[in-house]
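# Summary of structural features
Each chain, letter by letter, is given below.
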Amino acid sequence: MKTGSALAAPPATFTAAQGNGAGRYRAWLATAVVLSVLPHVPGLNTDFGHSLLSQMGIAAVFALSFNVLLGQTGLLSFGHAVYFGLGGYAAIHFMRAINHGLPVPIALVPLAGAAAGLLFGILFGSVTTRRSGTIFALISLGVGELVYAATFMLPGYFGGEEGITANRTRAPELFGLNFGSQLQVYYVIASWALVAAMLMHAFIRTPLGRMCNAIRDNPERAEFIGYNTQHVRFFAFAVAGLFAGLAGGLHAINYEIVAADSVSALRSGTVLLMAYIGGVTHFAGPVVGAITLTWLQISLSDYTAAWLLYLGLFFMAIILFAPSGLAGLIVMHAAVVRTKAFRRLLAAYAIALVPAAVMGTGAVLLIEMSYRLSTHPELGAKMRLLWIAMDTATPWPWIVAVVLLVAGFVAFRMTWRRVAAAWDRAGDEARGGRFGGGDGSAR
Amino acid sequence: MLELTAVSLLNGVVYGLLLFMLTSGLTLIFSMMGVLNFAHASVFMLGAYFSFQFGRWIGFWPALVLAPLACGLIGAAIERYGLRHVHTKGHVAEILFTFGLAYLIEELVTMLWGRNAVASSVPESIDFPLFALFGTSFPAYKGLMMAISVTMFAFLFLALKRTRIGLIIQAALTHPQMAGALGHDVPGLFVLVFAVGSALAGLAGVIGGVMWLTQPTLAHFVGPIVFVVVVVGGLGSLSGALIASMFIGIVQTFAVAVDYSLLDLFRVLGIGVTRASPLYEFYAIKVATAAPIVPYLLLVLMLIVRPRGLLGTRDA
Amino acid sequence: MSTDRAARTEPHGGSALQLRDIHKSFGATLIIRGVSLDVHRGERHAIIGPNGAGKSTLFNLISGRLRPTTGSIRLNGEEIAGAPPYEVNRRGLARSFQVTNIFPRLSVFENIRCSVLWSLGYKYNFWCRADKLRDANAQTERTLEQIRMTARRDTPAGVLTYAEQRALEIGITIAGNAGVILLDEPTAGMSRSEADHAVELIRSISHGRTLVMVEHDMGVVFNLADRISVLVYGEVIATDVPGRIRENRAVQTAYLGSAADA
C-alpha cells in the first residue's frame, strides 16, 4: 500500500538540534514562558486544570527518561517504573524527614528522588545491561516484578498496600511558598521538568549521548570503533534511572503519597505507551505522548468504561501505521505544509474522514453496548449514547452498529488510494524543491 | 514430613505440567521467530473463556476440542494479518505489537464477559477423586490434565523429530534465514507455528481456567512466569521448557509450604539479630511469603549467568 | 591521546601484525588450519583466495569478532588473540566490513565523528558538547575530505547510495587514525569506475599506515598490493610479491587459473 511507504519513510534523525546555539536558547526560553503562562490560561486556571498540568509535567519527565533508553539507546524496558517508584519512595521518606524537622525546602525533594533513581539505576543496571535487545527486555520485566513483590514484603520501607504518606506543607518556607495550593506545586513541577528536559537534551549532544545513538543504530559497529557497548548501555541506564527517580520525586510532592502502584507493571506499561505513541524518534515525542495520554486518562475515563480498549486500539494503530508516533506525524506534515499539493492532501483527508467517522461510530456503538452489558448488567438493557437512546435487548442497535462498521470500513478502504496519491504528490513536491531532479539521486 | 513432601511433589508436578502446556507453544514461537509473544498468555486466557462459553453451549468434552481450535485460528490470524506486517520493522516493533495485543485481548474479554470471574467449574464427568495420598484426595481433573500434558509432549516430540515438517521447523528454530534460503515457505511455517502454539495455549487454558479463576486478569497472573520458564529452559528447546516448567512448578509449590525465614537460619547458626537491626524485615520474610518471586529471581540469575538457558540452542 | 597513537605506530620489530599457527573450528569443522602471517609495517598486504577459504573468518579473528581456537595474534608486538573488538581497536587496529556496517540514522558527519571519539580520549564523556570539540570536529572534516563526502555531510547515512555507503564505511574505518587497517572486500559490488575511485582512495589513505585487504577483484589486488597471501581451505599456500604470486604454480591451480585476466 503506497500510503504505507510514505508513512514508513526514514524517521528524522534524532541528531539535528535545529539551528545554532542562539536558536536553541530561544526555544528553551519560549518553552519556559509558555510553562509559566499556561496555568493562567482560561480553561486551565482552575485547581483541576493545575492538577492536570502537574500530572502532565510528571508524566513528561518520566516519559523523556524512558526514551533515553528506547529512542536514544535502543533499549526496550518493561520495568522502568522501578526507578520512578523507588525514587518516589526515597522522596516521600525525605519529605517525612522534613516534616520532622529536617531544614530543607520542599522544592529540593525531587533531588532525593533523582539520587535514589541514580543509585538503583547503577545497582540494577550493572547487572541488567549485560545483555541487550529481547533479553534485556525480559530482564527488565523480571526485575520489575521482583521489586513490585518486594514492596509488599518490606512494609517498613514501602508501607504495603497503603503506601507511605507525607505532608508537603509542613516544611521550611522558601520565598513564602508553602505548597498548600496546587498552583505552587505546578510551578515546582514545571521548573524541574524544564531543567530535566534541558539536561536530557544536552546529554544527547555529548560524546556519550552520540555513542548511545550509535549503539542504537548499530551496536556491533560501535564495538569496532573502540566502544564497549555494555558500558555505554550502563551509563544510559544510570541516566535514565536518575531522571525517572526525579519524576518519582515530583510524583511524591504532588500526591503526598507513594504506594506499590508506582513500581507496578501497569505504570511501566503506561510510560511505554506514552513514549511510543508520542514518538520515540523525536526528542519531544515522549512529551507529546505524555500530554496526550494523561489527558485521555483523565478525561476519557469519565465518558466511557471502554477507554482502555480505545487506548489499546490507538496504540496498535500507531504501531501499524505511524511507527514514528504523533511527533513523527506532525513532522511529516510540517515537511509538506508549504507545498501546493498540501491542499489536495487536506481534501483527500476530508473525503476519507467521512467513511472513517461512519466506521468509527459503528465500532463505538458496538463497544459501548457490549461494555454496558457485561460490566453493568444491573443497569438494564436501555442506555444512552450521547443524545441517542437505545434498547440493547433488541437486535436493531446491534444491526445498525455492524452495518455502520462494515460499510464504513469498505468505503474508507476505497479512499486510501486517494490519500496515498495525494501524499506522493506532496512528497515529490517537497523533495523536488530541494534536489532539483526530484528523484533524490546523488550527484 | 513425608506426607507434606509427597503431596507438594504431586501438586508441583501438576503445576509444572500445566506450565509446560502453556510454554511449549511460546517456546516454539519465541525460538522460531525471535518474537517475544506477550499475547501468548492472553490466548491462554481466551482458551479458558472459550471453554467456559462453549462448555455452556455444548458441554465440556466438545469444548476441550473446539476451544483450542478457535485459539489456533486466532493465532493464525494474528500472525497472518497483524504480526507479518510488523516483522520488517524490527524486534522492538514486534514485541510492542504483541504487547498491545495482550492489552487489547484483556479489554475485549472484559467487553464480552465482564470484569468479574466467570463461573467456570470442574465438569461433573471428571469431578471425582482419583485416589487419596496420605489422606489428601487427588482430583480426577488434575489427572486428566497430567494425561493431556504428557500426551501433548509426546506428540510434539514425535512430530518434530520424526516428520519432515518437524525437521524443517527444527532447522528454522535455529537458523530461520537459512531455512528460508533453502526454499522452504518460512512465512507459511510461521503461520503454522503460531497457530499450533496458540492452540496449545488454548488447550492449557481449558484446564487452567478450571484450576485458577477465569477472569480478565488471568493473563497478567500467568504471563510473567511463562516467560521465566521459556528463558530458564532455554531458547529453542522443548525439553528445556519441560525441565524448567517442572523445576519451577515443584520449587514454587514447595516454597509455599515452607514457613521458615532467614531469621530461623540465623537462630540455628547462633547469629544474633534483633528487631532494631536495619534489615530485620528482610530477614523475617518467610520463604512461603517470598514464594511468588522465586521464578523472577531464577530469571534474573539465569539471564545473568547463562542467557542461553539450561538447554538452549540460540542466544537471542 | 595523540601521543598514544604515535607510540602505537612506532616499529616493534618491523612487524605490524603477526599471526602464528592460528586454528579456528566451528564445532567439529576446522575452518582455519594453522595460518601464520607476517604483515610488515607500512605495507599494503592483500589476502586472496577462493570463496569459502576463510578470509572473512581470518579478519574476524584478527579484529576480535571471533576467538581463535588456538594460536597467537600480535599487534605491534602485543598479544590480542581473543580480545574483544573494542580492545583490539583501542590498541590500534580498525576494520571495515564487507556488508556495509554503518549507523543509518546518524548523518555522515556524525558517523565519522563517532569513530574519532575514543581515539581522541573522549570515551564516556557526558559533560562536553560534542559540537564544541575542536579536535574531533577537525579530524572528522579531514576524513570527510579524504573520502570526498564533504558535500553529503548532513545526509542520514541510511539514504546514501551504495557506493557512497562503501566510501563512508572506509571513512569510519580510517577516521580514528588506527595504524593498522583491515579492509574487507572494499570494492565489492562496485562498477568499474566506482572501483577505480575506491582504489585511489585506498591508495591515499594507506600512506603511513599498514593495510591488509581481502579482495576478489584481481585488478585492484595487483594494482595496490605490495605483497599477496593466498588462502585456500584455511591455509596460506603462498605469500609473496605480486609478480611471483602470478607465476606460482600452486596458486595458479588452486585459484588464479580462471581469474588471470587481471
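Look a little higher up for the structure.
Keep in mind that what you see is a predicted model, and the values were worked out from it rather than measured.

Along chain B, the regular secondary structure elements total 14 helices and two strands. Against the compact-globule benchmark of 20 Å for 316 residues, chain B has a radius of gyration of 21 Å, which places it among compact chains. Based on the C-alpha atoms only, the size of chain B along its principal axes is roughly 70 × 45 × 40 Å. Taking all 316 residues of chain B together, the buried fraction comes to 46%.

A tally of helices and strands in chain C yields 10 helices and 10 strands. What you see for chain C is a C-alpha radius of gyration of 18 Å, in line with the 18 Å of a compact globule of 262 residues. Across the 262 residues of chain C, 46% fall into the buried class. If you take every contact in chain C between residues at least 6 apart in sequence, the share linking residues at least 24 apart comes to 67%.

Residue and element names in this part refer to chain A. Tracing the chain through its elements places A166 in the loop between strand 1 (164-165) and helix 8 (182-204). With 24 C-beta atoms counted inside 10 Å, the residue A166 sits in the buried group. A sequence separation of 69 residues divides A166 from A97, and the C-alpha atoms of the two residues are 9.0 Å apart. Beyond its immediate chain neighbours, meaning those up to four positions away, A166 contacts I92, M95, R96, N99 and E256.

A separate point is the sheet that holds strand 8 (residues 210-214) of chain C. Adjacent strands of a sheet pair through backbone hydrogen bonds, lying either parallel or antiparallel. Residues and elements named next belong to chain C. The sheet built from six strands is open, its strands ordered 6-7-8-3-9-10 with mixed pairing. Each having just a single partner strand, strand 6 (93-95) and strand 10 (235-240) make up the two edges of the open sheet. In this sheet, neighbouring strand axes are inclined to one another by 15 degrees on average, regardless of whether the strands run parallel or antiparallel. Of the strand pairs in this sheet, strand 7 (residues 180-184) and strand 8 are connected by five bridges, and their pairing is parallel. For I181, the partnering residue across the bridge sits in strand 8 and is L211.

This part takes up the pairing of strand 3 (residues 44-48) of chain C. Residue and element names in this part refer to chain C. Along strand 3, five of the five residues are buried, which leaves the element largely enclosed by surrounding structure. Side chains of strand 3 alternate between two faces, with R44, A46 and I48 and H45 and I47 buried alike. Where strand 3 lies against strand 9 (residues 227-232), four bridges are found, and the strand directions are parallel. Residue A46 lies in a different strand from strand 9, and its bridge partner there is I228.

With that out of the way, let us pick up the nonpolar core. Residue and element names in this part refer to chain A. V61, A63 and F243 are the most contacted members of the largest nonpolar core, which totals 270 residues. Here this core takes 17 residues from helix 11 (residues 229-255), the largest share from any one element. Look past the residues within four positions of F243 in its chain and what remains in contact with it is V61, L64, S65, V68, G117, A196 and M200. V336, A348, W423 and A426 belong to the second-largest nonpolar core, a separate cluster that totals six residues.

Moving on, we come to the interface of chain A and chain C. Quite often, the size of an interface is put as the accessible area lost when its parts meet. Taken together, the contacts link 27 residues of chain A with 36 residues of chain C. Elements with a contribution of two residues or more to the side of chain A that touches chain C: helix 9 (207-217), helix 10 (219-224) and helix 11 of chain A. At eight residues, helix 9 of chain A tops the list of elements feeding residues into the side of chain A that touches chain C. Residues that form the side of chain A that touches chain C fall into these classes: 12 nonpolar, nine polar and six charged.

Between chain B and chain A, the contact holds 40 residues from the first and 35 residues from the second. The set of elements that each furnish at least two residues to the side of chain B that touches chain A consists of helix 4 (91-113), helix 9 (218-233), helix 12 (280-283), helix 13 (287-290) and helix 14 (294-305) of chain B. Examining the composition of the side of chain B that touches chain A, we find that 14 residues originate from one element, helix 4 of chain B, more than from any other. Per-class residue counts for the side of chain B that touches chain A are 29 nonpolar, seven polar and four charged.

This part covers the sheet that holds strand 1 (residues 15-26) of chain C. Residues and elements named next belong to chain C. Read from one edge to the other, the open sheet built from four strands follows the order 2-1-4-5, with strand pairing classed as antiparallel. This sheet does not close on itself; its edge strands, each paired only once, are strand 2 (29-40) and strand 5 (78-79). The pairing of strand 1 with strand 2 spans nine bridges and is antiparallel. When the sheet's bridge partners are listed, H23 is paired in strand 2 with R33. Those strands touched by helix 2 (residues 55-63) are strand 1, strand 2 and strand 4 (70-75), and its axis lies near 65 degrees from that of strand 2.

Our focus in this paragraph is the packing of helix 6 (residues 162-175) of chain C against helix 7 (residues 192-205) of chain C. Residue and element names in this part refer to chain C. Put simply, helix 6 and helix 7 touch, their axes get as near as 11 Å, and they point 10 degrees apart. By the criterion of interaxial angle, the relationship of helix 6 to helix 7 is roughly parallel. Along its contact with helix 6, which presents A163, R166, A167, I170 and I174, the element helix 7 presents E194, A198, L201 and I205. Grouping the amino acids of the contact of helix 6 with helix 7 by side-chain chemistry returns seven nonpolar, no polar and two charged.

Residues and elements named next belong to chain C. One non-glycine residue, D21, lies in the positive phi region at around 50 degrees. Tracing the sequence through the fold places D21 in strand 1. The exposure class assigned to D21 is partly exposed, which follows from the 13 C-beta atoms found within 10 Å.

This part covers the environment of B:L83. Residues and elements named next belong to chain B. Here L83 lies in the loop between helix 3 (60-82) and helix 4. Look at L83 and you get buried, because 24 C-beta atoms sit within 10 Å. Sequence separation between L83 and E94 is 11 residues; the distance between their C-alpha atoms is 6.8 Å. In this structure, L83 is in contact with V35, I78, E94 and F97, ignoring residues within four places of it in sequence.

Turning to the packing of helix 3 of chain B against helix 8 (residues 186-211) of chain B, a few remarks are in order. Residue and element names in this part refer to chain B. Interaxial distance between helix 3 and helix 8 falls to 7 Å at its minimum, and their mutual angle equals 145 degrees. By crossing handedness, the relation of helix 3 to helix 8 is classed as right-handed. Broken down by class, the residue content of the contact of helix 3 with helix 8 amounts to 19 nonpolar, six polar and two charged.

What counts, and where the lines are drawn
Every chain begins its residue count from 1, and numbering advances along the sequence as written. Working convention: letters from A go to chains and numbers from 1 go to ligands, in the order in which they are written. Confidence filtering applies because this is a predicted model: local features only for residues at pLDDT of at least 70, side-chain atom pairs given and counted only at 80 or more, and all residues used for totals across whole chains, interfaces and linings. A run of DSSP states H or I qualifies as a helix once it reaches four residues; a run of E qualifies as a strand once it reaches two. Both are numbered from the N-terminal end. Taken over C-alpha atoms, the radius of gyration is set against a globule rule of 2.2 Å times the number of residues to the power 0.38. Partly exposed residues are those whose C-beta has more than 12 but fewer than 20 other C-beta atoms within 10 Å; 20 or more makes a residue buried and 12 or fewer makes it exposed, with C-beta atoms placed from the backbone. Here the contact rule is simple: place C-beta atoms from the backbone, and any two residues whose C-beta atoms are within 7 Å are in contact. When DSSP finds two or more bridges between a pair of strands, those strands are recorded as paired. Lines fitted to C-alpha atoms define the axes, with helix axes restricted to the stretch in contact, and inter-axis angles between N-to-C directions lie between 0 and 180 degrees. Put simply, a nonpolar core is buried Ala, Val, Leu, Ile, Met, Phe, Trp, Tyr and Cys residues tied into one set by C-beta atoms within 7 Å. Any residue outside Ala, Val, Leu, Ile, Met, Phe, Trp, Tyr, Cys, Pro, Asp, Glu, Lys and Arg is labelled polar, Gly included; the first ten of those are nonpolar and the last four are charged. For this classification, under 35 degrees means roughly parallel, over 145 means roughly antiparallel, 65 to 115 means roughly perpendicular, and everything else is oblique. Definitions for this section: a left-handed crossing has its near helix turned counterclockwise from the far helix by less than a right angle. A right-handed crossing has that turn clockwise.

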